[in-house]
Amino acid sequence: MHPFLVVGNVSIPMYFTMIIIGIAIATLVCIHTAKIYKLKKRHIAGAGIFAIIGLILGSKLFYAISLIPELIETWEVVKATPGESLAYAFSGYVFYGGLLGILIALFIYSIQFHQHFYRLSNSFIPSIVLAHAFGRIGCFFAGCCYGFECEHPFGVTFPLDSDKPGLAGTTRFPVQLLESAILFILFIVLIYMADYKKFRKNKKESHPRFDAFIINTRKNLLPFYLISYGIIRFIMEFLRGDTYRGKFGSFYLSQWISLIIIAVCVFVICRKRKRSADEA
């Protein structure tokens, strides 16, 4: 839509601007959640560096993997221009790849520096969601990850001078903004869970089952987040209009990944509950 913000003679890329804003605010949030989970600032800083490296490597590697079918179809062009083809293969980002990269990086850090992985992930998860929400706003400005064609009042019309193939003058559903809004809500829920003891002090009524659920979940924000976002992403994919995401059978690649993540997390949660019941 508006990939650049022009200030005088300077063009500022909006996508990376929103990413930087998101990371900056997310860093402040992470400092707060680190106090909740009693992590030292040096570990948050160190794990943060690991996480950023994992984010970049994972998101770009997954993007390259998603282009393998296209590269195979144009193999003659790839052989003729290996440098350009390689640059193209690693030119984009895939969120699930970045998320996996972050989690692997945090796991490596937890082993290397003898930290509890769940405490690290609990501290970072709300920040990841917040940065992701800003990133989706960046997608809207850049005109990527766009929605299906629709009419007003819900549609947003691409400018006639849009450099996106086939999008100039078309009206599409702003799925990026919808996902961003949902992610902001999920962020608030996660912060509420993480800092539940502070919020609970202000209430006199007791709800034992609800309290037990929140207290147990705040110790395991990672599976709760993965299941929540898996459901969100699975639904959001039906609202998108970009068809180059790779479709396998009835679902797109991200939907299959979402289903796998949800299934694995549900299995892990059920197994932990069974183990706790057996020990009791």
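To start, this report covers the structure provided alongside it. (Residues numbered from 1 in each chain as written. Predicted model: local features only at pLDDT ≥ 70, side-chain atom pairs only at ≥ 80, totals over all residues. Heavy atoms only, no water.)

## A few points about the nonpolar core
Core analysis: the biggest nonpolar cluster contains 51 residues, and Leu99, Phe124 and Tyr225 have the highest contact counts within it. For this core, the secondary structure elements donating two or more residues are helix 1 (14–36), helix 2 (41–66), helix 6 (95–112), helix 7 (117–142), helix 8 (175–194), helix 11 (221–237) and helix 12 (253–279). For this core, the leading source of residues is helix 7, giving 10 residues. Those residues within four positions of Phe124 in sequence are excluded, and the remaining contacts are Cys30, Ile44, Ala47, Gly48 and Leu106. Of all hydrophobic cores here, the second largest spans six residues; its members include Tyr63, Leu67, Val78 and Ala89. (Core = buried A, V, L, I, M, F, W, Y, C linked by side-chain atoms within 4.5 Å. Buried < 20%, exposed > 50% of the residue type's maximum accessible area, 1.4 Å probe, protein only. Helix = DSSP H or I, 4+ residues; strand = E, 2+ residues; numbered from the N terminus. Contact = heavy atoms within 4.5 Å.)

## Looking at the pairing of strand 2 (residues 10–13)
A regular strand places its side chains on the two faces of the sheet in alternate fashion. In this structure, strand 1 (residues 4–7) lies alongside strand 2, joined through four bridges in antiparallel fashion. From the neighbouring strand, Val7 faces strand 2, where its bridge partner is Val10. Between strand 1 and strand 2, which pair antiparallel in sequence order, lie two residues; one of them, Gly8, sits at a positive phi of approximately 65°. (Pairing = 2+ DSSP bridges.)

## Regarding a positive patch on the surface
On the surface, a cluster of positive charge is contributed by Lys38, Arg119, Lys197 and Lys219. Here Lys197 is to be found in helix 9 (residues 196–200). (Patch = residues over 30% accessible without salt bridge, like charges linked within 9 Å, V, L, I, M, F, W, Y side chains within 5 Å. Areas by Shrake-Rupley, 256 points an atom, 1.4 Å probe, with all protein chains shown as cover. Salt bridge = Lys/Arg side-chain N within 4 Å of Asp/Glu carboxyl O. Lys, Arg positive; Asp, Glu negative; His and termini not counted. Charge placed at Lys NZ, Arg CZ, Asp CG, Glu CD.)

## What to know about the packing of aromatic side chains
This model, assessed by the stated rule, comprises 18 aromatic pairs. Between Phe95 and Tyr96 the ring centres are 6.1 Å apart and the planes differ by 45°, which places this aromatic pair in the tilted class. Neither residue differs from the other here; Phe95 and Tyr96 are each classed as buried. Here the aromatic rings of Phe234 and Phe251 are separated by 5.1 Å at their centres, their planes lie at 65°, and the arrangement is edge-to-face. Note that Phe234 is positioned in helix 11 and Phe251 in strand 6 (residues 251–252), a separation of 17 residues in sequence. For Phe251, a relative accessible area of 21% puts it in the partly exposed group. Taken together, the ring pairs connect Phe95, Tyr96, Tyr225 and Tyr229 into an aromatic cluster. (Phe/Tyr/Trp six-rings, centres within 6.5 Å; stacked < 30°, edge-to-face > 60°.)

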